[in-house]
Amino acid sequence: MPQLYEAILVERRGLVALITINRPEKRNALNIQTREEGAAALEELREDDSVRVVVFTGAGERAFVAGADIGEFAGRTAITQRDVMLGRSIFTAIDTFPKPVIAMVNGYCLGGGCELALACDLRIASDTAVFGQPEINLGIIPGGGGTQRLTRLIGEGKAMEMILTGDSVDAQTALALGLVNMVVPFAELEAKTMELANRIAEKSPVALRLAKEAVKTASRSNLDEGLRREVDLFALCFSSEDKDEGVRAFLEKRKPDFKGR
Ligand code: COA
């Protein structure tokens, strides 16, 4: 029985599920309800074999997500805020989701919004997108993985610059920094993102899952541990029907039909 959500929309489009943060009047700011619903939707989609790729986006034309809901910060104690961050985390849910997750970034992608995009596996931005970690302007620092994931993605110097100044960068700069994978005209954002999502969705779900885990290991271990983990995950592919199908299809000169087993 699918759950009912208020702050997000969940749509199935073939093998791809689209999760839209749906608070355009608040520039899709992440309040507690949005985070909880996003994490719950991922839990639901995790078990659903008919979904092979998830795309996150924001409703409306102005924002992907303009950050944490600043209204909720007022009057919050340190302990309450810590509990919020250590509770069910949408960032961790994306990071550990066993299928590829793509951020389709359609406007302001700030603070917790940038952290949401950073937790995703790929980021496709419209040419109108703006990225930043402006927390410093509120007298706080990023708390949803920004200091760690941004640094790993674009390097310490540029991450430090963005986090210490709070300055935003435009889509082309984000592309040059390696913060996004692709920039496309706003009018083509959805089509291009879905095209990519569908292309990935045709691959073996088993191999996608193991590939994501292997790549994530790179920033979490030293080289020897990472290479060892890669060999284990590579060998695990050999226990799948998808590997038999992929190899057979190549030898028979046809397109593989992966079942995710
Ligand atoms: N938290 C809570 N509310 C937010 C929000 C946030 N992060 N970002 C925007 N909103 C709200 C505004 O308060 C406003 O609400 P109101 O209509 O009730 O007054 C509404 O969304 C529209 O925002 P507005 O600033 O008028 O839209 P804009 O398109 O002119 O500007 C931004 C968009 C994103 C540049 C601007 O809203 C902004 O700077 N937001 C905060 C970004 C931030 O610091 N994020 C990090 C948080 S840790």
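What comes next is a walk through the structure. (Residues numbered from 1 in each chain as written. Predicted model: local features only at pLDDT ≥ 70, side-chain atom pairs only at ≥ 80, totals over all residues. Heavy atoms only, no water.)

### Side note on the site of the ligand
Thought 1: Around the ligand, 15 residues are found, and the nearest of them are K26, R27, R62, A68 and I70.
Thought 2: In this structure, K26 approaches the ligand through a side-chain N or O atom, which is 2.6 Å from an oxygen atom.
Thought 3: Measuring from a nitrogen atom of the ligand, one finds a backbone N or O atom of I70 at 2.9 Å.
Thought 4: Grouping the amino acids of the shell around the ligand by side-chain chemistry returns nine nonpolar, no polar and six charged. (Near = heavy atom within 4 Å. Polar contact = N/O pair within 3.5 Å; in protein donor to acceptor, adjacent residues only side chain to side chain. Nonpolar A, V, L, I, M, F, W, Y, C, P; charged D, E, K, R; others polar.)

### Things to note about the nonpolar core
A general tendency of soluble globular proteins is for nonpolar side chains to be buried together.
Thought 1: Among the nonpolar cores identified, the biggest contains 46 residues, and V54, F56, I94, V105, F131 and L179 are the most heavily contacted of them.
Thought 2: Apart from residues lying up to four places away in sequence, F56 is in contact with I19, I21, L42, F64, I90, I94, V101, I102, A103, M104 and L116. (Core = buried A, V, L, I, M, F, W, Y, C linked by side-chain atoms within 4.5 Å. Buried < 20%, exposed > 50% of the residue type's maximum accessible area, 1.4 Å probe, protein only. Contact = heavy atoms within 4.5 Å.)

### Here's the deal with the sheet that holds strand 10 (residues 182-184)
Thought 1: Taken in spatial order, the six strands of this open sheet run 1-2-3-5-7-10, and their pairing is mixed. In this open sheet, the two strands that pair with only one neighbour each are strand 1 (8-13) and strand 10. In this sheet, adjacent strand axes meet at a mean angle of 20 degrees when their direction is disregarded.
Thought 2: Judged from the three bridges that link them, strand 3 (residues 53-58) and strand 5 (residues 101-105) form a sheet pairing that is parallel. Bridge assignment links F56 to a residue of strand 5, and that residue is A103.
Thought 3: The sheet strands contacting helix 8 (residues 189-201) are strand 1, strand 2 (16-21), strand 3, strand 5, strand 7 (122-126) and strand 10, and the helix crosses strand 5 at an angle near 170 degrees. (Pairing = 2+ DSSP bridges. Helix = DSSP H or I, 4+ residues; strand = E, 2+ residues; numbered from the N terminus. Axes fitted to C-alpha atoms, helices over the stretch in contact; angles between N-to-C directions.)

### Remarks on the packing of aromatic side chains
Thought 1: Under the criterion given, the structure shown has one aromatic pair.
Thought 2: Taken together, a centroid distance of 5.3 Å and an interplanar angle of 70 degrees make the contact between F234 and F238 edge-to-face.
Thought 3: Overall, the relative accessible area of 53% leaves F234 in the exposed class. (Phe/Tyr/Trp six-rings, centres within 6.5 Å; stacked < 30°, edge-to-face > 60°.)

### Examining the pattern of salt bridges
Thought 1: All told, the structure shown has 23 salt bridges when counted by the stated rule.
Thought 2: We note a salt bridge from D121 to K216, for which the minimum N-O separation is 3.9 Å. Of this pair, D121 sits in the loop between helix 4 (112-119) and strand 7 while K216 is found in helix 9 (residues 205-218), placing the two residues 95 residues apart along the sequence.
Thought 3: Two residues, D232 and R228, come together in a salt bridge whose shortest N-O distance is 3.4 Å. Taken as a pair, D232 and R228 lie in helix 10 (residues 223-237) at a separation of four residues, close to a single helical turn.
Thought 4: Sharing partners across several salt bridges, the network here consists of D95, D121, R149, K212, K216 and R220. (Salt bridge = Lys/Arg side-chain N within 4 Å of Asp/Glu carboxyl O.)

From the geometry alone we can't say anything about function, so treat these as descriptive.
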